[in-house]
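As a plain string of letters, each chain reads:
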Amino acid sequence: MFHGNSCAGASSADPDKTTVGDNVQKYLHFLSHLHADHTVNLKSTFTGYIYTSPFNGWLVKRWFKIKPELVVSLSVGASHVLYEESSQSHFSVTLLDANHCPGSVMFLFQGKFGNIFYTGDFRYNPDVLEHPILKSVIDNECVNRLYLDNTFAAEHCKFPPREKVLQDIISLIRYIPRQTLVKKHTKCVLVHPLSLNKVVLIRDL
């Protein structure tokens, strides 16, 4: 989760840490996705507003029992104008598909503080660079602050496209010898469903 005073890059702004206690009301909270390392301390007693994608909004209410009135779902691919009380100013936030897991998004904040781009966990897809607002910011080299997930930003980390991985899995399943685990001698393939990433696999299979 990304939170910060007026999203202006204040000294207290920190990505991926959820504030607890009285300070929670001083922040605007933006949830990129629901993997455990991005929802630390998030629980049903959370009292701040959470801005996120529609899928995340549905899931955070279901999994964490967050009060529905505290969850603000913002459409992906569009810009939304929000008001920050402590600075008494408006700013816009654009949600972009992070191509990471269902509901995952990146945030582009724009206001008097400049342009802040927060990627969260993401899988690079050149299509995202064609979004007109992000493309304009990048072409004019005016990203003032970048929060970049660089977990696998190393030369030895080379991952094939998700589409190729899916096709490889499908091919592997097709070549699995028929088993006798089921009476009708059909193949039995088990996919662990608790991970959000596995949900994408199950959908595509």
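Residues numbered from 1 in each chain as written. Predicted model: local features only at pLDDT ≥ 70, side-chain atom pairs only at ≥ 80, totals over all residues. Heavy atoms only, no water.

(A) The arrangement of the packing of aromatic side chains in detail. Across all of its chains, the model carries nine aromatic pairs by this definition. A network of ring pairs unites the aromatic residues Phe30, Tyr51, Phe91, Phe107, Phe109, Phe113, Tyr118 and Tyr147 as a single cluster. (Phe/Tyr/Trp six-rings, centres within 6.5 Å; stacked < 30°, edge-to-face > 60°.)

(B) Representation of helix H1 (residues 54-64). The set of residues buried in H1 consists of Asn56, Gly57, Leu59, Val60 and Phe64. At the exit of H1 stands Lys65, carrying a positive phi of roughly 60°. (Buried < 20%, exposed > 50% of the residue type's maximum accessible area, 1.4 Å probe, protein only. Helix = DSSP H or I, 4+ residues; strand = E, 2+ residues; numbered from the N terminus.)

(C) Broad picture of the pattern of salt bridges. Applying the stated rule across the entire model yields two salt bridges. A salt bridge links Asp139 to Lys135; its shortest N-O distance comes to 3.5 Å. Here the residue Asp139 and the residue Lys135 both occupy positions in helix H2 (residues 132-139), the gap between them amounting to four residues, near one helical turn. Note on Lys135: relative accessible area 34%, which makes it partly exposed. The closest approach of N and O atoms between Asp168 and Lys164, which form a salt bridge, is 3.0 Å. Placement of the pair is Asp168 and Lys164 together in helix H3 (residues 162-174), with a separation of four residues, close to one helical turn. We classify Asp168 as partly exposed; its relative accessible area is 40%. (Salt bridge = Lys/Arg side-chain N within 4 Å of Asp/Glu carboxyl O.)

(D) Broad picture of the pairing of strand E7 (residues 89-97). Most of E7 is tucked away, with seven of its nine residues classed as buried. With six bridges joining them, E7 and strand E8 (residues 105-111) adopt antiparallel strand pairing. Residue pairing for E8: Asp97 is matched across the bridge by Val105. (Pairing = 2+ DSSP bridges.)

(E) Region of the structure containing the sheet that holds strand E9 (residues 114-118). A sheet is described by the order of its strands in space; here five strands give the open sequence E6-E7-E8-E9-E10, paired in mixed fashion. Of all strands in the sheet, those bounded by a partner on one side alone are strand E6 (79-84) and strand E10 (145-147). Each adjacent strand pair in this sheet contributes to an overall mean axis angle of 20°, direction not counted. H2 contacts E6, E7, E8 and E9 of the sheet and is inclined by roughly 65° relative to E8. (Axes fitted to C-alpha atoms, helices over the stretch in contact; angles between N-to-C directions. Contact = heavy atoms within 4.5 Å.)

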